[in-house]
Amino acid sequence: MTTGCGCGGGKGGSGGCGSSVKEPLVAEVVAQASFEELKAPELIASSEQEWPIISVNGVPVRPQAMAMELQYHPADSREEAVYSAARALVIRELLQQRIAELGLAVEIAAGENEEEAATRLLLEREVTVPECDEATCVRYFDNNRGRFHSAPLLAVRHILLECAPDDAEARHLAHSQAQVLLLDLKAQPGQFAELALKYSACPSKAQGGSLGQVSKGQTVPELERQLFTLAPGLAAKPLESRYGWHVISVDQRIEGQPLPYEAVAVAIRTQLQQGVWQKALVQYLQTLIGAADIRGIALQGADSPLVQ
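Residues numbered from 1 in each chain as written. Predicted model: local features only at pLDDT ≥ 70, side-chain atom pairs only at ≥ 80, totals over all residues. Heavy atoms only, no water.

A. Fine view of the overall build of the protein. Scanning the protein from terminus to terminus reveals nine helices and eight strands. By the burial criterion, 41% of the 308 residues in the protein qualify as buried. Once local pairs closer than 6 in sequence are excluded, the contacts in the protein between residues at least 24 apart make up 68%. Here the protein has roughly 17100 Å² of accessible surface; of this, 52% comes from carbon and sulfur atoms. (Helix = DSSP H or I, 4+ residues; strand = E, 2+ residues; numbered from the N terminus. Buried < 20%, exposed > 50% of the residue type's maximum accessible area, 1.4 Å probe, protein only. Contact = heavy atoms within 4.5 Å. Areas by Shrake-Rupley, 256 points an atom, 1.4 Å probe, with all protein chains shown as cover.)

This is the structure in structure tokens:
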């Protein structure tokens, strides 16, 4: 049973909800690169200008493009957002110019457009990533054993007092009702199923509020963070999520167990390889930056030239 209450669903615990928006490939590349070359954004433009005047090897970065790119770069200030958007567009232009310079023959894979395919091909050709060997992975495991445990399992019942996240009055009333239910349950614990059927907005009320066994990833994040800190028994206070207030009872808690290396070897290799990829990507992009004539924005580049 899948629900929208954020709890984990019905008896099988299959609920929860979420969404994602796919960023353009170049924005993803910039995010993976994790640049830290400047303490603060630096755009070379006068204070009277709404958009900086930027060019890459004589090719201007259009203000319209910066305005479109802003949506992919949330930040605490407009200055930071404009800097991140401008940097992404500069890198995009550098990649496109390098693709044209090499004359790459592009084969478009499923789900790609031509630019994405060309960028992928360029990075496959020019970003050299050494493989993490087995000894490195084993050493990482030995040095970080405390991180490798199976997730705990909770047998949970709940009563959801539903209210909209932006309705302050309804949230206050739901919280007050949840506190009253908690007092009733402390006095008479055996009436949980009855109260769930009467008051809960979750489909699990048909099973007395039972969610079955809940593991990490099955609830919305703000509820999960609170839920997995609970000891067995009736929670001392209601827990809040975007869906309302939850009166929670943890009937059983099964702690996670240490995992052997064989169970996490692939995950460790993937994590370490991702770190190697990010470093190699930064070095490659800095080489492109160092070889280019970039005006209007300060970016750190490498001095070593590209090999044709």
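From this point, the discussion proceeds with the structure in view.
B. Local environment of the side chain of serine 55. With respect to the helices, strands and loops of the structure, serine 55 is situated in strand β1 (residues 54-56). With a relative accessible area of 17%, serine 55 lands in the buried category.

C. Spatial organisation of the packing of aromatic side chains. Taken as a whole and judged by the stated rule, the model has three aromatic pairs. Seen in terms of ring centroids, tyrosine 140 and phenylalanine 148 are 6.4 Å apart; in terms of plane orientation they differ by 65°. Their pairing is edge-to-face. Given the relative accessible area of 10%, phenylalanine 148 is considered buried. Each ring, one from phenylalanine 141 and one from tyrosine 261, has its centre 5.5 Å from the other, and the planes form 65°; the classification is edge-to-face. Of the two residues, phenylalanine 141 is situated in helix α5 (residues 134-143) and tyrosine 261 in helix α9 (residues 261-291); the sequence distance between them amounts to 120 residues. (Phe/Tyr/Trp six-rings, centres within 6.5 Å; stacked < 30°, edge-to-face > 60°.)

D. Focus on the pattern of salt bridges. Following the criterion strictly, the structure yields twelve salt bridges and no others. The closest approach of N and O atoms between glutamate 112 and arginine 120, which form a salt bridge, is 2.6 Å. The shortest N-O distance in the salt bridge between aspartate 293 and arginine 295 comes to 3.2 Å. With a relative accessible area of 53%, arginine 295 lands in the exposed category. Through salt bridges that share partners, Arg98, Glu101 and Glu126 make up one connected network. (Salt bridge = Lys/Arg side-chain N within 4 Å of Asp/Glu carboxyl O.)

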